[in-house]
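# Working through the structure, step by step
Each chain, letter by letter, is given below.
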Amino acid sequence: MQHLGDLLETLESSIKLLSREPALVEKSYRRIIVVGDLHGTLTALDRAKELFFSGNYDAVAFLGDYVDRGPYQMEALYEALSLKLESPKEVILLRGNHEDERINYYYGFYNVLMRYSNEIRDLILDVYKELPLAAIVREKVFLVHGGISSGIENIRSLAHLKKSLVYDDTIMELLWNDPSDTVDYFSFNFMRGGYKIFGRKALEEFHKINDLKITIRSHEYVLGGFLKLWNGMLYTVHSSTAYGPASIAILDLEEENVERVQL
Ligand SMILES: [Mn+2]
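These remarks concern the structure in this document. (Residues numbered from 1 in each chain as written. Predicted model: local features only at pLDDT ≥ 70, side-chain atom pairs only at ≥ 80, totals over all residues.)

Time to look at the sheet that holds strand 1 (residues 24–27). Strand order in the open sheet formed by six strands is 1-5-6-10-12-11, and the pairing between neighbours is mixed. Single-partner strands in this sheet number two, and they are strand 1 and strand 11 (226–229). The mean angle between the axes of side-by-side strands here comes to 15°, regardless of whether they run parallel or antiparallel. With four bridges joining them, strand 5 (residues 134–137) and strand 6 (residues 141–144) adopt antiparallel strand pairing. Each bridged residue has a counterpart across the sheet, and for A134 the counterpart in strand 6 is V144. (Pairing = 2+ DSSP bridges. Helix = DSSP H or I, 4+ residues; strand = E, 2+ residues; numbered from the N terminus. Axes fitted to C-alpha atoms, helices over the stretch in contact; angles between N-to-C directions.)

Written out as structure tokens, the structure reads:
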């Protein structure tokens, strides 16, 4: 584990840096790596860094859920933040539904945090607060942890939102929602016991209203780490080895072409 002083400094610097980013980040990268849930594992993060530093990519985006579940939770968060500090303009760190104190209480990071000071714990909550909620790349590709929200038509309105840890259903849906073939639009998410599932028609309309073509999200375990849905309108990427000996993936997004990088 990193030196405590490094951790403190990394958290403080990250808060300063992230606080200057809007809730919706818009970038014009041509080719980027997209990483799904890490959940306290480092395989995908290490590979993403390696690819990013190879010089063949403009940027790397993480879709959230750095902590909970796996053996290296603080390390995953620290490494992701360090990369952001190293390349502020080329790294996107989004917030996942596990960047949440109450969720951490049930899924493991709370126990990790117990080994640290209140100061560190408070700083981590400030990091959660300042993480952007979504990103748009080259005006056409939407990146988010969970999915689209039933309460948001114009996604660019999110750019003016004040980032906060206060629960707001409309905002939380971005971090929690899952796609499903069982509905056209939105319905209660029984699998998770809260928030929504969204159907193909909802996503089609969302893309149309916002002039988007592709949505890339994580939030679910998918076999092989990759799932293409609805004729390539939606991708799920899964990058955590915390769910057992599952194969994982990260994505290579070049303009509007998505390829799986198997790990
Ligand atoms: Mn999640």
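This next bit is on the sheet that holds strand 9 (residues 196–198). Pairing in this open sheet of three strands is mixed, and the strands run 7-9-8 from one edge to the other. Only two strands of the sheet have a single neighbouring strand rather than two, namely strand 7 (178–179) and strand 8 (186–188). Across three bridges, strand 8 lies against strand 9 in antiparallel orientation. By the bridge assignment for strand 9, F188 is matched with K196.

Distances and angles like these do not, on their own, reveal function.
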